[in-house]
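# A structural walkthrough
Below, each chain spelled out in residue letters.
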Amino acid sequence: VAWREAGEGPLVLFLHGLGMTRTGWDAQLTALPGHRCVAWDLPGYGASPPLAELTFPAMADAAAGLIDRLGGPAHVVGLSMGGMIALHLALRRPDAVRSLVLADTSPAFGLDGTDPDEWKAARLAPLEAGARVEEFAEPVLRSIMAPDPDPAAVDAAVASMLRVPVAGLMQSIAALPAHDVRAHLGDIAAPTLVVVGELDEETPPAYAEALAVGIPGARLAVIPGAGHYTPLEAPDALNALLRDHVGDVETAR
């Protein structure tokens, strides 16, 4: 896979969400002095070639392979779908995960009763009909951010999403409804911080609370005024939480 990185020290791996690429983490890559911060492009996104089949086990194994290549274990920070990948990674390869930060994500798809087939069909149909990412990126991203977002955050989100090939976006949309680790949350041993934007309607605070209750010892932090894209909407607040979490875990070691 392709990635960008900054710094030296213990490894921190950032996993982006659906509709985002490695550039969406730029505000975080230099926020953890004394650490090697790495943001990947998911297979099929940005500069990363696609997998033959994109499944959560395959995505988790790709992340584990990158961690192994970079000399892990890693503090793994996942946003939205990236948080889902991080959960599967922690369950499949606990030796690769030093700690978890799960931002604006969920223990399972469809907690609000969404029908997975209808969800997929509604999102795949326009892409199959030839819709281009640049035609819908901004309205889609604005719809999951807090009201009246910072224009610079919107611009950064759009620029990151424009790096997503349509084929990769379609693969990840098709894969996402299979996510469900509710029965296995108690098996996660990595120190875990769960973060959610106060105004996140895509994966609302109730989802974060379910993660924090299910994962032994997990801590929950709600970022006031933020929507679903906390790395871009509230970078200073998220970065402070990351520094505290990673610092506490390193001190405990």
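Predicted model only: the values in this text are computed from it and were never measured.

Conventions adopted
- Position labels on residues start from 1 in each chain and follow its written sequence.
- Side-chain atom pairs in this predicted model are given and counted only at pLDDT of 80 or more, local residue features only at pLDDT of at least 70, and totals for whole chains, interfaces and linings cover all residues.
- Side-chain metrics in this entry use all non-hydrogen atoms of the structure; hydrogen atoms and water are not considered.
- In DSSP terms, a helix is any run of H or I states spanning at least four residues, a strand is any run of E spanning at least two, and both are numbered starting from the N terminus.
- Atoms counted for the radius of gyration: C-alpha only. Globule rule: 2.2 Å times the number of residues to the power 0.38.
- The rule is simple: take the accessible area with a 1.4 Å probe, protein chains only, and divide by the maximum for that residue type; under 20% is buried, over 50% is exposed, in between is partly exposed.
- Residues count as neighbours in contact if any of their non-hydrogen atoms are within 4.5 Å of one another.
- Simply put, an axis is a line fit to the C-alpha atoms, just over the touching stretch for a helix, and the angle between two N-to-C directions goes from 0 to 180 degrees.
- Each angle gets one of four labels, with under 35 degrees taken as roughly parallel, over 145 as roughly antiparallel, 65 to 115 as roughly perpendicular, and the rest as oblique.
- In this classification, the charged set is Asp, Glu, Lys and Arg, the nonpolar set is Ala, Val, Leu, Ile, Met, Phe, Trp, Tyr, Cys and Pro, and all remaining amino acids, among them Gly, are polar.

### A closer look at the overall build of the protein
Check the secondary structure of the protein and you find ten helices and seven strands. Against the compact-globule benchmark of 18 Å for 253 residues, the protein has a radius of gyration of 17 Å, which places it among compact chains. Summarising its shape, the C-alpha atoms of the protein cover approximately 50 × 35 × 35 Å along the three principal directions. Classification of the 253 residues of the protein by burial places 53% in the buried group. For the protein, long-range pairs separated by at least 24 residues make up 78% of all intrachain contacts whose partners lie at least 6 apart in sequence.

### What to know about unusual backbone geometry
Residue Pro73 follows Gly72 across a cis peptide bond; omega there is 10 degrees. By secondary structure assignment, the location of Pro73 is in the loop between α2 (56-70) and β4 (74-79). You will see that Ser80, though not glycine, has its phi angle at about 55 degrees, which is positive. For Ser80, the position within the fold is in the loop between β4 and α3 (81-92). Although it is not a glycine, Asp104 sits at a positive phi angle of roughly 50 degrees. Here Asp104 lies in the loop between β5 (97-103) and α4 (116-128). On the accessibility criterion, Asp104 (0% relative accessible area) is buried.

### Some remarks on the packing of α2 against α3
Two packed helices can be described by the angle between their axes and the distance between those axes. At a closest axis distance of 8 Å, the pairing of α2 and α3 adopts a crossing angle of 75 degrees. With respect to α3, the axis of α2 lies roughly perpendicular. Packed against α2, whose contacting residues are Phe56, Pro57, Met59, Ala60, Asp61, Ala63, Ala64 and Ile67, the element α3 presents Met81, Met84, Ile85, His88, Leu89 and Arg92 at the interface. Looking at the contact of α2 with α3 residue by residue, the class counts come to eleven nonpolar, one polar and two charged.

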